[in-house]
Amino acid sequence: MSMKELRLMKGNEAFAEAAIRAGADGYFGYPITPQSEVMEYLMAEKPHERTGMIVLQAESEVAAINMVYGGASCGKRVMTSSSSPGMSLKQEGISYIAGAELPCVILNAVRGGPGLGTIQPSQSDYFQSTKGGGHGDYRLIVLAPSSVQEMADFAPLAFDLAFKYRNPVLILSDGAIGQMMEKVELQEQRPRFTEEEIRKNTPWATMGKTPDRERNIITSLNLDSHVQEEHNIHLQAKYREIEKNETRWETIQCDDAEYILVAYGTSARLSQKAVDIARAKGIKLGLLRPITLFPFPTQPIAELANRVKGILSVEMSAGQMVEDVRLAVGDKVKVAHFGRMGGIIPSPPEIVEALESKLIGG
Amino acid sequence: MAKVKGDIVIDIEKCKGCQVCMPACPNDVIGVSKNVNGKGYNYVETVNEECIGCANCAVVCPDGVITVYRKRIE
Amino acid sequence: MDTISKEDIRKPENIVYKRTELLTDKVMSYCPGCGHGTAHRIIMEVLEEMGIQDKTIGIAPVGCSVLAYEFMNIDMQQAAHGRAPALATAVKRLNPDKFVFTYQGDGDLAAIGTAETIHACNRGENIVIIFINNGIYGMTGGQMAPTTLEGMKSSTSPYGRDIKSMGNPIKMTELVAQLPGTIYVTRQAVHTPANVRKAKKAVRKAFENQKLNKGLSFVEIVSNCNSGWKMTPNQANQWMVDNMFPFYPLGDIKVNED
Ligand SMILES: Cc1ncc(C[n+]2csc(CCOP(=O)(O)OP(=O)(O)O)c2C)c(N)n1
Ligand code: SF4
Ligand code: SF4
Ligand code: SF4
Ligand SMILES: [Mg+2]
């Protein structure tokens, strides 16, 4: 059970299993399509018997994220998952967690909005995910998996980044990736933190005031504006550090490319097919797939912009990431957006058509 | 017959002069000072020697600024 | 008779009452005469007497007691408005050997945090909830709370709470007593020495219950908000006796001994 292992799994299940193996201490969630498999898998798996991990169905997303806040305050590896309408409810808690600088992992299986919208896959939560989401100046580290394997790999990676930077990490997925089945290699079981390790490695954790130290306080409140400004400056410095160290992306057939698609997650899978179609037609097309959306791969996109004729941002939204692509490119080359909304996944031929009409012909 | 004698010490700098301790005292030991402390509160002080060390005043003091002593006198 | 001097009485061995070490030296930010301070003190005295400072995690609310962590010398977390029971749920589930309590006002617990309160109680989380009911939103300047009495004036019910348009005051404590998850539900006050002593016993019982893994203990403390009520502290305590206690009667509401 705890050895490295190859299995055929849904993305959501792979994420859940990988989280157990990553040594997670607690999961707190509230059902919403298309990610309910995460909690269902965990409940069926009884991780308490395997590792001691707690799984709790909360009364709401608000409660779930605040349970994460409480658990994270104790230096525990805690997580939650939801989908767009639930993520809106979690924003208050996420803001507190970011303000108090706590580690945690959050999965958003994005569905089309606004409002109750649709349960079909979408990427319309890009702004919310990468620009803060709740109130105040803060950022989440945002990982964008595009395969079941990455759903599994990003669970331990997210916990490690969360603890390295004392910052919430968001995994931005959707129902397509969550519910598709693929072969996945699962990592070996990592042990959960012991109380001794928590007290040593995360000395800020509220685990009970022992005589050898002052009391620990987890708070996001600073009534003194100067102190609050200092705190904001510290947070911004941390985000710059994250930008420097943690930007992740992948390039596919970019070496000789004259045009580039920029796409993440599900859009990246389809864009990769679009690259093949375009190349069969003689168009030298490449793909840059951001793996982290914050920090955004600004630099590699800017570099590509020096040697290509145009860049198409492909998103399942009205055009959100395209703003970051434009910031990276400036006016070096034309940047266009192509997207479908409302839960519709663009087809690869559609993407090639958009490229031709918006960039090559236009 | 054994008799008890009490006394209280009020941390006057931390006293907020709320006077909640006054009705709690069975022997009217506590009264309001004419003087104010650093925070501008008219703190309270002992006004007679009748303290029996019952701690009633300290128990109701919201700011926990009263220390109570009691000694048995044979 | 009075041959004994003050110096003879004021000796360490004669101390019968002193401020607990579990309160920090900071002057509490509460208005003079506010019950929050007394409530803080009895909780800290109980933790000290039980010797569980190193095992206790407190959750502060949003409200006047948002800064409780400045005064309580224990590890603490500051929750978003109303969410303390959710934090406490996770803290206790993840650390079953720790003692966990929330400290919440009536706006925090009975308005914005109603869902978190009811469900933590209903799940029977093995925690202690301390509920400071002063019938008003103290911190934000004395607005109407869910607990504000009929006819009671506040800054958002300047002509008195009108039941028809503003709804009824809510008795959260009676409400949570209905839930099988709560094992000890009581209403106390801290305005007189006798009441403080009783309230402290209730708090002690609540933490002892947690020690025995019995379930959720809920201790309401009816308290004055003399600033919000616009009275002196002693007037406010009298007003509380005359007006709050008839609607929020003191005493145990549920005591599950098994
Ligand atoms: C989400 C949110 N809404 C509103 C507020 C403003 N607010 C701060 S304290 C408070 C009411 C507190 O009242 P209560 O819980 O009764 O505590 P008290 O101050 O009376 O002790 C409100 C509405 C806030 N901080 N956060
Ligand atoms: S200890 Fe008792 S008698 Fe002495 S001042 Fe306080 S209340 Fe009065
Ligand atoms: S109760 Fe305490 S703070 Fe208030 S007047 Fe008496 S000693 Fe001072
Ligand atoms: S406003 Fe009311 S509740 Fe707040 S500290 Fe003052 S008296 Fe206490
Ligand atoms: Mg209140």
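In the block above lies the structure referred to throughout.
Residues numbered from 1 in each chain as written. Chains lettered and ligands numbered in written order. Predicted model: local features only at pLDDT ≥ 70, side-chain atom pairs only at ≥ 80, totals over all residues. Heavy atoms only, no water.

A. Structural view of the overall build of chain B. Counting its secondary structure elements, chain B contains 1 helix and 4 strands. Counting from the amino terminus, helix and strand elements in chain B follow one another as β-β-β-α-β. The globule rule puts the C-alpha radius of gyration for 74 residues at 11 Å, and the 12 Å found for chain B is close to it. Taken over the C-alpha atoms alone, chain B extends approximately 45 × 20 × 20 Å along its principal axes. In chain B, buried positions account for 51% of the 74 residues. Of the side chains in chain B, 9 bear a positive and 9 a negative charge, and the two mean positions are spaced by 4 Å. (Helix = DSSP H or I, 4+ residues; strand = E, 2+ residues; numbered from the N terminus. Rg over C-alpha atoms; globule rule 2.2 N^0.38 Å. Buried < 20%, exposed > 50% of the residue type's maximum accessible area, 1.4 Å probe, protein only. Lys, Arg positive; Asp, Glu negative; His and termini not counted. Charge placed at Lys NZ, Arg CZ, Asp CG, Glu CD.)

B. Quick peek at the environment of E37(A). Residue and element names in this part refer to chain A. Mapping E37 onto the fold places it in helix α2 (residues 36-45). Through-space distance from the C-alpha of E37 to that of Q179 is 8.5 Å; in sequence the pair is 142 residues apart. Not counting the four nearest positions on each side in its chain, E37 is found in contact with K10, N12, E13 and Q179. At 2.8 Å, the side chain of E37 and the side chain of Q179 are in polar contact. (Contact = heavy atoms within 4.5 Å. Polar contact = N/O pair within 3.5 Å; in protein donor to acceptor, adjacent residues only side chain to side chain.)

C. How the structure looks around the interface of chain A and chain C. Facing 36 residues of chain A, the contacting portion of chain C comprises 37 residues. For the pairing of chain A and chain C, the buried interface totals around 2,700 Å² over both sides, and the portion due to carbon and sulfur atoms is 58%. Of all residues in chain A, the largest losses of buried area upon contact with chain C belong to E59(A), K209(A) and R215(A), amounting jointly to 23% of the total for that side. One can count 4 salt bridges joining chain A with chain C. Put simply, D75(C) and R213(A) hold a salt bridge, and the shortest N to O gap is 2.7 Å. At the boundary of chain A with chain C, the tally comes to 18 residue pairs in polar contact (both at pLDDT 80 or more). Counting residues per element, the ones that place at least two in the side of chain A that touches chain C are β2 (26-29), β3 (54-57), α4 (61-73), α5 (84-99), α9 (195-201) and β9 (217-218) of chain A. When residues of the side of chain A that touches chain C are assigned to their parent elements, the largest contribution, 8 residues, is made by α4(A). Split by residue class, the side of chain A that touches chain C holds 16 nonpolar, 11 polar and 9 charged. Direction of pairing for β9(A) relative to strand β3 (residues 75-78) of chain C: parallel, over a ladder of 2 bridges. (Buried area = accessible area lost by both parts, 1.4 Å probe. Salt bridge = Lys/Arg side-chain N within 4 Å of Asp/Glu carboxyl O. Nonpolar A, V, L, I, M, F, W, Y, C, P; charged D, E, K, R; others polar. Pairing = 2+ DSSP bridges.)

D. Region of interest: the site of ligand 4. Taken together, Y30(C), C31(C), C34(C), H36(C), C64(C), N134(C), G138(C), C225(C), N226(C) and S227(C) make up all the residues around ligand 4. Residue composition of the shell around ligand 4, grouped by class: 5 nonpolar, 5 polar and no charged. (Near = heavy atom within 4 Å.)

E. Representation of the environment of T67(B) in the model. If you trace the backbone, T67(B) turns up in strand β4 (residues 66-73). Between the alpha carbons of T67(B) and N48(B) there is a distance of 17 Å; along the sequence they are 19 residues apart. Beyond its immediate chain neighbours, meaning those up to four positions away, T67(B) contacts D7(B), I8(B), V9(B), I15(C), Y17(C) and K18(C).

Geometric values such as these leave the question of function open.
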